[in-house]
2 protein chains.
Amino acid sequence: MSVSDTNRFPSFEYLGDAVPYIERIGAIVAHIRLFEDFEAGELARLAPYLRCYRAPGGAEIIREGDDGDFMMLLLDGTVEILKVDPVTNLPVRVGLAGPGKILGEMSLVDGEPRFASCISMGSLLFAVLDRETMSRIIADESRIGIKLLMELILLLNQRLRHVSNELMQWLGQGRVTSIKP
Amino acid sequence: MSVSDTNRFPSFEYLGDAVPYIERIGAIVAHIRLFEDFEAGELARLAPYLRCYRAPGGAEIIREGDDGDFMMLLLDGTVEILKVDPVTNLPVRVGLAGPGKILGEMSLVDGEPRFASCISMGSLLFAVLDRETMSRIIADESRIGIKLLMELILLLNQRLRHVSNELMQWLGQGRVTSIKP
């Protein structure tokens, strides 16, 4: 609506808004889903929706390949993140995660099998949020729901940049050919 | 609230909800932000917020390292995605993207410099959505705003899985040590 909108690409042909392309866009983004309505609402009100657990050391909190519809927030303790090397079939440490880290968000979002396993290194305190509850929060506490969604976007984005940068370190070796799924 | 909630980790100590850990959680997730209220609304109503452009072939649609607060939806045509190899200082093709692909979403989310460049391969039709407009949509059309947020979550998640899987292909070589930023 502002002047800057139409001046973003001054060397290109400006076509106005997307009203003429509604059908095309509709066909393209036909995979939108979930969650409908929302209202107004914060963190103290989120807490009742979370479920907290303490695990002993050496416990498998998340197992690679399992179904999973929840993510967890680590409150105290550390987990080792392991992924099975398809060549050797042995688990390899791919990371560590401590308090404040969220685990399992990819499967929460897409319902696909767990990407890696998480093993507690000593006593572990964590809070669980599953997909159904997230839907309920968005339905019952819209303001909190939005913040959760925003938080998830920031988290996924941060990880995507991190992993993309790691992948790019391999670029010079010529084996990386696609980063756009 | 359901029985399954408390039975998710039957071998662990169940501590109830997170009310006792509010302060800790508050300190951990202190970086939540943006967007406040929302109502009801869909795609035909989203279209007026988008700005469409057509670019000729060989145009640099997005430049690696630039600031950018917008993402784009490709409607027609293809772009080549290039990233400068830090060793050779030459651009290397890291992917192609065609109609239905979204580009630039990482910088839209975090305001960090563009990760890669996008060059049109022939005439290109695309629709732009910037951060400010996204805020406005969420403010004025909550239902559409939520769907946009969900769409962004699905997109980022899909890319994260894809790039993580690519990175894991290198795991056997022993140089990958961390996927959890």
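All of these numbers come straight from a predicted model, not from anything done at the bench.

J.: Can you break down the packing of helix H5 (residues 131–140) of chain B against helix H6 (residues 142–168) of chain B residue by residue, with the values?
T.: Residues and elements named next belong to chain B. Packing of H5 against H6 leaves a shortest axis separation of 5 Å and a crossing angle of 130°. On the basis of the axis angle, H5 is oblique to H6. Where H5 crosses over H6, the two elements pack in a sense that is left-handed. On H6, the residues that touch Met 134, Ile 137 and Ile 138 of H5 are Ser 142, Ile 144, Gly 145 and Leu 148. Grouping the amino acids of the contact of H5 with H6 by side-chain chemistry returns five nonpolar, two polar and no charged.

J.: Please give an account of the nonpolar core that cites residues and values.
T.: Counting 94 residues, the largest nonpolar core has Met 72 of chain A together with Met 72 and Phe 126 of chain B as its most contacted members. Ignoring any residue separated from it by four or fewer positions in sequence, one finds Phe 126 of chain B in contact with Cys 52, Tyr 53, Met 72, Leu 73, Leu 74 and Leu 75 of chain B.

J.: Hey, could you go over unusual backbone geometry for me, with residue numbers and the actual values?
T.: Residues and elements named next belong to chain A. One non-glycine residue with positive phi stands out, namely Asn 89, at about 65°. Looking at where Asn 89 falls in the secondary structure, it is placed in the loop between strand S5 (79–84) and strand S6 (91–97). With 7 C-beta atoms counted inside 10 Å, the residue Asn 89 sits in the exposed group.

What counts, and at which threshold
- Residues numbered from 1 in each chain as written.
- Chains lettered and ligands numbered in written order.
- Predicted model: local features only at pLDDT ≥ 70, side-chain atom pairs only at ≥ 80, totals over all residues.
- Axes fitted to C-alpha atoms, helices over the stretch in contact; angles between N-to-C directions.
- Helix = DSSP H or I, 4+ residues; strand = E, 2+ residues; numbered from the N terminus.
- Parallel < 35°, antiparallel > 145°, perpendicular 65-115°, else oblique.
- Left-handed = near helix turned anticlockwise from the far one by under 90°.
- Contact = placed C-beta atoms within 7 Å.
- Nonpolar A, V, L, I, M, F, W, Y, C, P; charged D, E, K, R; others polar.
- Core = buried A, V, L, I, M, F, W, Y, C linked by C-beta atoms within 7 Å.
- Buried ≥ 20, exposed ≤ 12 C-beta atoms within 10 Å, placed from the backbone.

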